[in-house]
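For reference, the chains in residue letters:
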Amino acid sequence: MAADIVGWAITGRLDLVSAIRTVSANGQDVSGIVTLPPEDLLPMFRRDGSGPRSAAVRRVRPPGSETWLRITDPANGIEIEAADVLITTADLERFEDDHSLAKRTAPGGSASRYDWDGFYTALIRRIHNDGLPDTQRELVVEMQGWFERRSKDGDAPDESTIRRKISALWNELRA
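What comes next concerns the included structure. Per-chain numbering applies: the sequence of each chain, read as written, is numbered from 1 onward. pLDDT decides what is reported in this predicted model: residues at 70 or higher carry local features, side-chain atom pairs at 80 or more are listed and counted, and totals for whole chains, interfaces and linings draw on all residues regardless. Side-chain descriptors were evaluated using all non-hydrogen atoms of the structure, hydrogens and water having been removed beforehand.

1. Description of the pattern of salt bridges
Then step 1. What makes a salt bridge here is a side-chain nitrogen of Lys or Arg within 4 Å of a carboxyl oxygen of Asp or Glu, nothing more. Scanning all chains against the criterion turns up seven salt bridges.
Then step 2. For R94, the salt bridge is made with D91, and the minimal N-O distance between the two is 2.5 Å. With R94 and D91 both in helix α3 (residues 89-98), this residue pair falls three residues apart, about one helical turn.
Then step 3. The exposure class of D91 is buried, given its relative accessible area of 9%.
Then step 4. Note that R113 is salt-bridged to D155, the shortest N-O span being 3.0 Å. Note that R113 is positioned in the loop between α3 and α4 (116-130) and D155 in the loop between α5 (136-150) and α6 (159-174), a separation of 42 residues in sequence.
Then step 5. Residue class for R113 comes out exposed when judged on its relative accessible area of 58%. Helix and strand definitions here come from DSSP, where helices need a minimum of 4 consecutive H or I residues and strands a minimum of 2 consecutive E residues; each element is numbered from the N-terminal end. Buried, partly exposed and exposed residues are distinguished by accessible area as a fraction of the type maximum, computed with a 1.4 Å probe on protein chains only: under 20%, between the cut-offs, and over 50%, respectively.

2. Considerations on the sheet that holds strand β4 (residues 59-60)
Then step 1. Being paired, for any two strands, means DSSP has found at least two bridges between them. The strand order across the open sheet formed by four strands is β2-β1-β5-β4, and the pairing between neighbours is antiparallel. The outermost strands of the open sheet, each flanked by one partner alone, are β2 (28-36) and β4.
Then step 2. Here β4 runs beside strand β5 (residues 69-73); their pairing, made up of two bridges, is antiparallel. Of the residues in β5, the one forming a bridge with V60 is L69.

3. Here's the deal with the environment of R164
Then step 1. Following the sequence through the fold, R164 ends up in helix α6.
Then step 2. Considering only alpha carbons, one finds R164 and R70, 94 residues apart in sequence, at a separation of 55 Å.

4. Quick word on α5
Then step 1. Multiplying one less than the number of residues by 1.5 Å gives the expected span of a helix. Between its first and last C-alpha atoms α5 spans 22 Å; for 15 residues at 1.5 Å apiece the expected length is 21 Å, and the two agree.
Then step 2. Those residues of α5 that fall on the buried side of the exposure criterion are Q136, L139, V140, M143, Q144, G145, W146 and F147.

5. Thoughts on the environment of W146
Then step 1. Note on placement: W146 falls in helix α5.
Then step 2. By relative accessible area, which is 9% here, W146 ends up buried.
Then step 3. Note: C-alpha distance between W146 and G49 (97 residues apart in sequence) is 41 Å.
Then step 4. Filtering out sequence-adjacent residues up to four positions away, W146 remains in contact with D115, G118, F119 and A122. The contact rule is simple, with two residues in contact once any of their heavy atoms fall within 4.5 Å.

In structure tokens, the structure reads:
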């Protein structure tokens, strides 16, 4: 949810950015992509949807800087719409890598949380070497164990997802 993203930004795990028109901040002109203070944006992203559509931002951080600059012109800062708040691709990829949220693939490929190609190879090897078990559920549980053994934290797809992946093969081989 958007509220979680803003929460991660407040704790320093992500930067929220937007493109702004030229403003004067600490005596210098600032424009383009800037980091926004997540504390100022939080009210826009209430979980119940009751927040305002925009927020006044009175300070920004230019790219490559660790220093927040106070906007002095316009005197009341700038209004930022919720739809204009972004996360850079680089920041998102770093966050996903830090939290093991995505598996990167070659350009043009799709990212998947689980190794389905490896799953199908293991499934075929299992059936070739040992045949089919008595029930589809036994095969589902066995293949779920295959995922758990290969995961750093024991993560695996749920049984219903695995069942959907093998049901056509199961039905064809049991026919």
